[in-house]
Amino acid sequence: MRKKKSRALLLFNIIAFSVVVIGAVLLCIFVFFKVGNVTFTSDAGYDEADIRRVCGINEGDNLVLLETESREKALEHRFPYIESAKIAKHIPSTIEIEITPAETAFSVACDAGYLYVSASGKVLEIASQPCEGTTVVLGANPTNTKPSETITFGDDSVKEVYNAIAEQMTKNETQDVTEINMTNPYDLTLTYDNRITFRFGNMNGMSYKMAFGLEMLRQMETSGEITEETVGSIDLSVVPEKNKAFYEEDRTAASATPAPGDAAGRTDGSDSTANGDGENGDTANPTGDTDGITDPAADDSGGNTDDSGDNTGDSGDNTGDAENV
């Protein structure tokens, strides 16, 4: 009997102690942990008072029970140039609002002018002229032009092309793409640094074509075949099928004609057959091989056999091929 009473007493004491602890915790939550200070990490150019007003955070609000996710979304929607917002709680009384400003990456032509769009696809504003230093996108015909919303297109294939190019630009940290032209869906082009034109052909395999072209460009820049003054084009239209691309320099647009035997191994501009086999600068699989470079003879499927064995009739122009990139 005594043991039962002792157990009951012990259970009562445990319950009483738990109630006291819970009461103390609740007291701290409702009485002591209140918002007393709001700090900002960046502001994207907006007034802090306006940000606080949209957040709906006031001094004296309960810090622990304060809901943050809906407030973060409200900030991102209300202020176009806020790419993302993060609200952090710091016990006992501080709220930190961390703002990541949105930056214009694309100027997308539309009926009203140009949409300024961030790298993530967020519409920032509409303007009459492209934003300086951004990639101008032509022929995309966006359907959603509301600031703070995600850009949309009437054609799903256009959306896929836009997203593929934007993804590869972000992944490769490419900042020098000056124009993307989707006016002709069978002759899509991208202009790099106002000098090098990527010719994609149709919309198939855009992500791989883009990655292939950027890697080919990087290799040719590293080898010196393409310099800061070079003007030319890279044909990527058959990359998905043949895993090859073809480079051709525009000598008429070059500021100076390269001397014979330059770093790229080209002949001078007097040789009208500089493009010999029609595959001037064809680069063998810069992204697909284990070593990044294939054997020219093996990869060119015989396309350059005539070049290698016919040097006497081609003014010595056996070096237009860039398969050694």
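Residues numbered from 1 in each chain as written. Predicted model: local features only at pLDDT ≥ 70, side-chain atom pairs only at ≥ 80, totals over all residues. Heavy atoms only, no water.

What to know about the confidence of the model for the chain
1) Next: Here the chain shows a mean pLDDT of 78. Residues at 70 or above account for 69%.
2) Next: Ranking the elements of the chain by mean pLDDT puts helix α7 (residues 296–299) last with 37 and strand β7 (residues 135–138) first with 98.
3) Next: The low-confidence segment residues 255–281, where pLDDT is below 50, has 59 contacts with residues more than four positions distant or belonging to other chains.
4) Next: Of the regions scoring below 50 in pLDDT, residues 287–325 engages in 76 contacts with residues more than four places distant in sequence or in other chains. (pLDDT = per-residue confidence, 0-100. Helix = DSSP H or I, 4+ residues; strand = E, 2+ residues; numbered from the N terminus. Contact = heavy atoms within 4.5 Å.)

With respect to unusual backbone geometry
1) Next: With an omega of 15°, the peptide bond between I91 and P92 qualifies as cis.
2) Next: The topology assignment puts P92 in the loop between β2 (82–90) and β3 (94–101).
3) Next: Unlike most non-glycine residues, N243 shows phi in positive territory, near 60°.
4) Next: Of note, N243 is situated in the loop between α6 (239–242) and β12 (244–249).

Looking at a negative patch on the surface
1) Next: Residues D176, E221, E228 and E229 make up a contiguous surface patch of negative charge.
2) Next: D176 sits in the partly exposed class, given a relative accessible area of 38%. (Patch = residues over 30% accessible without salt bridge, like charges linked within 9 Å, V, L, I, M, F, W, Y side chains within 5 Å. Areas by Shrake-Rupley, 256 points an atom, 1.4 Å probe, with all protein chains shown as cover. Salt bridge = Lys/Arg side-chain N within 4 Å of Asp/Glu carboxyl O. Lys, Arg positive; Asp, Glu negative; His and termini not counted. Charge placed at Lys NZ, Arg CZ, Asp CG, Glu CD. Buried < 20%, exposed > 50% of the residue type's maximum accessible area, 1.4 Å probe, protein only.)

Brief notes about the packing of aromatic side chains
1) Next: Taken as a whole and judged by the stated rule, the model has 5 aromatic pairs.
2) Next: Taking the centre distance of 5.3 Å and the plane angle of 50° together, the rings of F106 and Y162 count as tilted. With F106 in strand β4 (residues 104–110) and Y162 in helix α4 (residues 156–171), this residue pair connects regions lying 56 residues apart in the sequence. Residue F106 shares its accessibility class with Y162, and that shared class is buried.
3) Next: Consider the rings of Y208 and F212, whose centres lie 5.9 Å apart with planes at 75°: the pair is edge-to-face. Note that Y208 and F212 are positioned in helix α5 (residues 206–223) at a spacing of 4 residues, about one turn of the helix.
4) Next: Under the relative-accessibility criterion, F212 is labelled buried at 0%. (Phe/Tyr/Trp six-rings, centres within 6.5 Å; stacked < 30°, edge-to-face > 60°.)

Concerning the sheet that holds β3
Hydrogen bonding along the main chain pairs the strands of a sheet, whether they run parallel or antiparallel.
1) Next: Ordered in space as β1-β3-β2, the 3 strands form an open sheet in which the pairing is mixed. Each edge of the sheet is formed by a strand with only one pairing partner; in this case those strands are β1 (37–41) and β2. Going across the sheet, the axis of each strand differs from the next one's by a mean of 20°, ignoring polarity.
2) Next: Looking at chain direction, β2 and β3 are connected through 8 bridges and run antiparallel. Following the sheet pairing, A85 is matched in β3 by I99.
3) Next: On top of the sheet, helix α2 (residues 48–55) reaches β1, β2 and β3; it is set at about 115° to β1, its chief contact.
4) Next: Relative to the sheet, helix α3 (residues 69–78) contacts β2 and β3, its axis offset from that of β2 by approximately 150°. (Pairing = 2+ DSSP bridges. Axes fitted to C-alpha atoms, helices over the stretch in contact; angles between N-to-C directions.)

So, the pairing of β3
1) Next: Pairing analysis gives 5 bridges linking β1 to β3, with the strands arranged parallel. By the bridge assignment, F40 is partnered in β3 with I97.
2) Next: The turn linking β2 back onto β3 is made up of 3 residues.

Examining the pattern of salt bridges
1) Next: The tally for this structure, following the rule as stated, stands at 5 salt bridges.
2) Next: Among the ionic pairs, R195 bridges to D193, the shortest N-O distance being 2.8 Å.
3) Next: Taking relative accessible area as the criterion, D193 reaches 33% and is therefore assigned partly exposed.
4) Next: Close ionic contact of E215 with R218 constitutes a salt bridge, the shortest N to O distance being 2.6 Å. Highlighted residues: E215 and R218, both in helix α5, separated by 3 residues, approximately one helical turn.
5) Next: What makes E215 buried here is its relative accessible area of 19%.

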